[in-house]
Amino acid sequence: MDLDVLLQATKKQLKPERFEHTLRVVDTAVELAKRFGADPPKAKIASILHDYCKFWSREQLTQWIKRCQLPLDLLEYHKEIWHAPVGAEVAREEFGIVDEDILQSIRSHTVGRPGMSTLEKVVYLADYIEPGRRFPGVDEVRRLAEIDLDVAVLQAMDNTILFLQSQQQPIYPLAIAARDELKRMLS
Ligand code: GDP
Ligand code: FE
Ligand code: FE
Ligand code: FE
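Everything quoted here is computed from the prediction, not taken from an experiment.

Reading the values: the criteria
Residues numbered from 1 in each chain as written. Chains lettered and ligands numbered in written order. Predicted model: local features only at pLDDT ≥ 70, side-chain atom pairs only at ≥ 80, totals over all residues. Heavy atoms only, no water. Donors = N, O, S within 2.8 Å, 3.2 Å for Na, K, Ca; no water. Helix = DSSP H or I, 4+ residues; strand = E, 2+ residues; numbered from the N terminus. Buried < 20%, exposed > 50% of the residue type's maximum accessible area, 1.4 Å probe, protein only. Polar contact = N/O pair within 3.5 Å; in protein donor to acceptor, adjacent residues only side chain to side chain. Contact = heavy atoms within 4.5 Å. Phe/Tyr/Trp six-rings, centres within 6.5 Å; stacked < 30°, edge-to-face > 60°. Lys NZ or Arg CZ within 6 Å of the ring centre and 35° of its normal. Core = buried A, V, L, I, M, F, W, Y, C linked by side-chain atoms within 4.5 Å.

Q: Please clarify how the coordination of the iron ion (ligand 4) should be interpreted in this entry.
A: Think of it this way: four donors in a tetrahedron around the metal ideally sit 109.5 degrees apart, and six in an octahedron ideally sit 90 or 180 degrees apart. Taken together, His21 (NE2), His50 (NE2), Asp51 (OD) and Asp127 (OD) make up the full set of protein donors to the iron ion (ligand 4), lying 2.2 Å away. Written as a sequence motif, the donor arrangement for the iron ion (ligand 4) is H-x28-H-D-x75-D. A separation of 3.6 Å is found between the iron ion (ligand 4) and the iron ion (ligand 2), both of which receive a donor from Asp51. Of this pair, Asp51 sits in the loop between α3 (40-49) and α4 (58-67) while Asp127 sits in helix α7 (residues 118-129), and the two are 76 residues apart along the sequence. What makes Asp51 buried here is its relative accessible area of 2%. Assessed through its relative accessible area of 9%, Asp127 is described here as buried.

Spelled out as structure tokens, the structure:
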């Protein structure tokens, strides 16, 4: 896989600040992959592509969701969560990525899912703690990410769900299922 091709293609899709975010996610994910035993080259590929569809229109994302037979209940929730599952389909169709763990890591980077692999958790967490992120509670998650991948991911999920609830936003059911499964596993 030529990473430069992926990087240049991604750069064309994103606003400059968002591409900078992507580069920071790559570095953070590689670091976390080494720390927690995921494959750094896979972490790199998934991270480069994770926000590829971030600025696609509602129409284009909807078209892909329907054509690729992604869960149609996505369309009943906030558009912000659509770029992740669609991104995985684009990675497969346009960049020929066949590694299911990489595809799944792109797919689950926004809401997570129950039974996430180490690579998925690494990408999810890197997206949340990359050094450009400034939300309440992120420093605590950064601290946890030095020590325990699962505990850190659970804290990130809890923070996100609580934040969205405080904004009266509906929570996609998979996000709740992901959080509850990790919580059960850790208790
Ligand atoms: P980004 O693409 O790097 O900005 O980060 P993400 O892909 O993780 O998140 C994109 C947006 O989706 C953020 O604004 C989250 O708050 C939001 N989000 C995450 N989970 C959910 C959810 O379950 N429901 C809704 N409505 N939004 C969510
Ligand atoms: Fe994203
Ligand atoms: Fe995220
Ligand atoms: Fe991101």
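Q: Is there a simple way to explain helix α6 (residues 100-107) in this structure?
A: For the α-helix, the turn length of 3.6 residues means that residues three or four positions removed from each other point alike. Of the positions making up α6, those classed as buried are Ile102, Leu103, Gln104, Ser105 and Ile106. Two to three positions downstream of the cap, the backbone nitrogen of Asp101 sits 2.9 Å from a side-chain oxygen, assigning the N-cap of α6 to Asp99.

Q: In this structure, what is going on with the environment of Ile65? I would like to understand it.
A: Tracing the backbone shows Ile65 in helix α4. The buried category is assigned to Ile65, whose relative accessible area is 0%. The sequence separation of Ile65 and Leu103 amounts to 38 residues, and the corresponding C-alpha distance is 15 Å. Leaving out residues up to four positions away in the same chain, Ile65 has contacts with Leu70, Pro71, Leu72, Leu74, Leu75, Trp82 and Val86.

Q: Is there a simple way to explain the packing of aromatic side chains in this structure?
A: The geometry of an aromatic ring pair is captured by two quantities: the separation of the ring centres and the angle between the planes. Counted under the stated rule, the structure contains five aromatic pairs. Pairing Tyr128 with Phe135 gives two aromatic rings, centres 4.7 Å apart and planes at 50°, and the pair type is tilted. According to the relative accessible area criterion, Tyr128 is buried, its value standing at 8%. Within the aromatic cluster, the residues linked to one another by ring pairs are Tyr52, Trp56, Trp64 and Phe95. Directly above the aromatic system of Trp64 lies the positively charged group of Arg67, at a separation of 4.6 Å from the ring centroid.

Q: Mind showing me how you'd approach the side chain of Arg179 here?
A: Looking at the secondary structure, you find Arg179 in helix α10 (residues 173-186). Excluding its chain neighbours within four sequence positions, the residues that come into contact with Arg179 are Leu154, Met157, Asp158 and Ile161.

Q: Sorry if this is basic, but what is going on with the nonpolar core here?
A: The nonpolar side chains of a soluble globular protein tend to be buried with one another. If you look at the biggest cluster of nonpolar residues, it comprises 62 residues, and the most contacted ones within it are Leu49, Val86 and Leu125. Broken down by element, this core gets its largest block of residues, eight residues, from α7. In this structure Leu49 touches Leu6, Thr10, Ala91, Phe95, Ile97 and Ile106, once residues within four positions along its chain are discounted.

Everything listed is a geometric property; what it means functionally is a separate question.
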